[in-house]
Amino acid sequence: MEDKNIKKVLAQAGFSFKKQYGQNFLTDEGLLAEIVGLSGADKDCHVVEIGCGAGTLTRALAQKAAFVHAYEIDKSLQPVLARTLSGLDNVEVTFRDFLKMRLDVIERDLPPYRVVANLPYYITTPLIMMILEHSQKCLSLAVMVQEEVADRLCALPNTPQYGAITANIALYATCQKVLRVGRQMFYPSPNVDSAVVRIDIARGRLGDVDGDMYKKAVQAAFGARRKTLENNLCRAFSLTREQAEGVLNECGIDLKARGETLSPEDFVKLSGEVARYINKA
Ligand code: SAH
């Protein structure tokens, strides 16, 4: 198969790596197959792949999925992709910055789909939130992230890794670290190890919640780490000290609690209670 030696294809196309785009490509056929399996792509499934690079994962996905809609910011990969994806009639590559596109426009002509992405790390978190907050049709995401970030996304309350991003994802989805990928699996090799995280969207999993209030409560709780939750609540929602105490007592949360001890369920209670106080006032 022509794409077996991706390094040769890249060299022949005169491709030069661009650091700012986080171009670290996967080449190992076994690993690619494993990621496709973990993504949930099957013959009935449409996949949106973000950052398709040299197309190795794209090709593996296309062999299993009904259709792959791939996005790539770097147009200079076009001749490379023309070779790696040759002979496949169920792939379409769009050369655009995915983060600058409108999700409702992308989704207009799509059936329910799964996202697969191996992107630069600084883009992955905004991408995850963009899809969780705005997608109407995405079922799941399989994203490659720096291992530390994977641990943060999937953390449990009361652990050092647990933070605002963990609690915000929990509002929309469940999150699991499904595969560790050593740095040596990428070409060129980055200086950190990675992991694949599988995010399954389950809107409403925490019940009927006002999303904006929930996120504001999360932001408040993690906002000023050195301050008490009570202080942070006062500031974020313009509550008096008595009101903040009332809210926390009503929720059964310790006045001195710190953000990282609160579960997503606590944030649901907290944001609901704050809303009641604000409406009463
Ligand atoms: N999925 C491929 C490539 C990973 S490297 C593989 O696993 O081998 C990440 C790719 O994302 C690069 O090709 C980079 O050019 C692309 N990329 C970076 N930022 C992007 C953005 N905002 N929109 C679309 N593609 C992007």
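What you see is a predicted model; the values in this text were computed from it and never measured.

Peer 1: Give me the lowdown on the site of the ligand, citing residues and values where you can.
Peer 2: Leu26, Gly51, Glu72, Asp97 and Asn118 are the nearest of the 22 residues found near the ligand. At 2.8 Å from an oxygen atom of the ligand is found a main-chain nitrogen or oxygen belonging to Leu26. Here a nitrogen atom of the ligand and a backbone polar atom of Phe98 are 3.0 Å apart. Protein contact buries 99% of the 570 Å² of open area that the ligand shows by itself. Judged by the proximity of its atoms to the pocket grid, the ligand belongs to the largest cavity.

Peer 1: Account for the UniProt feature "binding site: S-adenosyl-L-methionine" (unreviewed entry) in the protein chain, with residues named and values stated.
Peer 2: As recorded in UniProt, the sites labelled "binding site: S-adenosyl-L-methionine" (unreviewed entry) are Asn24, Leu26, Gly51, Glu72, Asp97 and Asn118. Considered against the largest cavity, the annotated residues that line it turn out to be Asn24, Leu26, Gly51, Glu72, Asp97 and Asn118. Along the chain, Leu26 falls in strand 1 (residues 25–26). Those residues in contact with Leu26, other than ones at most four positions away along the chain, are Leu31, Leu32, Ile35, Thr56, Asn118, Met144, Met185 and Phe186. Here Gly51 is in contact with Tyr71, Glu72, Asn118 and Leu119, once residues within four sequence places are set aside.

Peer 1: Tell me about the nonpolar core, and name the residues and values.
Peer 2: Among the nonpolar cores identified, the biggest contains 65 residues, and Leu132, Phe267 and Leu270 are the most heavily contacted of them. Both domain 1 (3–201) and domain 2 (211–280) contribute no fewer than three residues apiece to this core. For Leu270, the residues in contact, after removing those within four places along its chain, are Ala217, Leu233, Val247, Leu248, Cys251, Ile253 and Leu262. Core analysis: the second largest hydrophobic core is formed by 35 residues, Ile6, Phe25, Leu31 and Ala60 among them.

Peer 1: Which residues make up the pairing of strand 3 (residues 67–72), and what values do they have?
Peer 2: Counting buried residues along strand 3, 5 of its 6 residues qualify, which places the element largely inside the surrounding structure. Pairing analysis gives 5 bridges linking strand 2 (residues 46–50) to strand 3, with the strands arranged parallel. The partner of Glu49 across the bridge, within strand 3, is Ala70. Regarding topology, helix 3 (residues 56–62) serves as the crossover connection from strand 2 to the parallel strand 3, and that connection is right-handed. Where strand 3 meets strand 4 (residues 91–95), 5 bridges bridge the pair, whose relative direction is parallel. Residue pairing across strands places Glu72 opposite Phe95, the latter belonging to strand 4.

Peer 1: Can you tell me about the domain arrangement of the protein chain, naming the residues and giving the values?
Peer 2: How large an interface is tends to be reported as the accessible area lost when its parts come together. Domain boundaries assigned for the protein chain yield domain 1 (3–201) and domain 2 (211–280). Its C-alpha centre places domain 1 at a distance of 35 Å from the equivalent point of domain 2. Listed by partner, the interface residues are 11 residues for domain 1 and 13 residues for domain 2. For the pairing of domain 1 and domain 2, the buried interface totals around 940 Å² over both sides, and the portion due to carbon and sulfur atoms is 63%. At the boundary of domain 1 with domain 2, the tally comes to 1 salt bridge. With a closest N to O distance of 3.0 Å, Glu133 and Lys215 form a salt bridge. Counting every contact that joins domain 1 to domain 2 gives 5 residue pairs in polar contact (both at pLDDT 80 or more). Tallied by class, the residues present in the side of domain 1 that touches domain 2 amount to 7 nonpolar, 3 polar and 1 charged.

Peer 1: How would you summarise the sheet that holds strand 7 (residues 173–181) if you had to cite specific residues and measurements?
Peer 2: Read from one edge of the open sheet, 7 strands run 4-3-2-5-6-9-7, paired in mixed fashion. Whereas interior strands pair on both sides, the edge strands pair on one side only; in this sheet they are strand 4 and strand 7. Neighbour-to-neighbour, the strand axes of the sheet open up by a mean angle of 20°, direction not taken into account. Examined bridge by bridge, strand 7 and strand 9 (residues 194–201) share 8 bridges and lie antiparallel to one another. When the sheet's bridge partners are listed, Thr174 is paired in strand 9 with Asp200. With respect to the sheet, helix 2 (residues 29–39) is in contact with strand 5 (113–118), strand 6 (138–146), strand 7 and strand 9, its orientation differing from that of strand 7 by roughly 170°. Of the strands in this sheet, strand 2, strand 5, strand 6, strand 7 and strand 9 are in contact with helix 6 (residues 121–134), which crosses strand 6 at around 165°.

Peer 1: Can you lay out the packing of helix 11 (residues 241–251) against helix 12 (residues 264–280) for me, pointing to particular residues and giving the numbers?
Peer 2: Two elements in contact, helix 11 and helix 12, have axes whose closest approach is 9 Å; the angle formed by their N-to-C orientations is 135°. Judged by the angle between their axes, helix 11 and helix 12 are oblique. Of the two possible hands of crossing, helix 11 and helix 12 adopt the one that is right-handed. Taking contact as the criterion, the partners of Gln243, Gly246, Val247, Leu248, Glu250 and Cys251 in helix 11 are, on helix 12, Lys269, Leu270, Glu273, Val274, Arg276 and Tyr277. Each residue belonging to the contact of helix 11 with helix 12 can be placed in one class, and the counts come to 6 nonpolar, 2 polar and 4 charged.

Thresholds applied
- Residues numbered from 1 in each chain as written.
- Predicted model: local features only at pLDDT ≥ 70, side-chain atom pairs only at ≥ 80, totals over all residues.
- Heavy atoms only, no water.
- Near = heavy atom within 4 Å.
- Polar contact = N/O pair within 3.5 Å; in protein donor to acceptor, adjacent residues only side chain to side chain.
- Areas by Shrake-Rupley, 256 points an atom, 1.4 Å probe, with all protein chains shown as cover.
- 1 Å grid on protein atoms, 1.4 Å probe; cavity = no way out; pocket = protein on both sides within 12 Å on 5 of 7 lines; lining within 4 Å.
- Sits in = over half its atoms within 2 Å of the grid points.
- UniProt positions renumbered as here; feature names shortened; annotations may be inferred.
- Helix = DSSP H or I, 4+ residues; strand = E, 2+ residues; numbered from the N terminus.
- Contact = heavy atoms within 4.5 Å.
- Core = buried A, V, L, I, M, F, W, Y, C linked by side-chain atoms within 4.5 Å.
- Buried < 20%, exposed > 50% of the residue type's maximum accessible area, 1.4 Å probe, protein only.
- Domains from an automatic or database assignment.
- Pairing = 2+ DSSP bridges.
- Right-handed = clockwise from strand over helix to strand, strands pointing away.
- Buried area = accessible area lost by both parts, 1.4 Å probe.
- Salt bridge = Lys/Arg side-chain N within 4 Å of Asp/Glu carboxyl O.
- Nonpolar A, V, L, I, M, F, W, Y, C, P; charged D, E, K, R; others polar.
- Axes fitted to C-alpha atoms, helices over the stretch in contact; angles between N-to-C directions.
- Parallel < 35°, antiparallel > 145°, perpendicular 65-115°, else oblique.
- Left-handed = near helix turned anticlockwise from the far one by under 90°.

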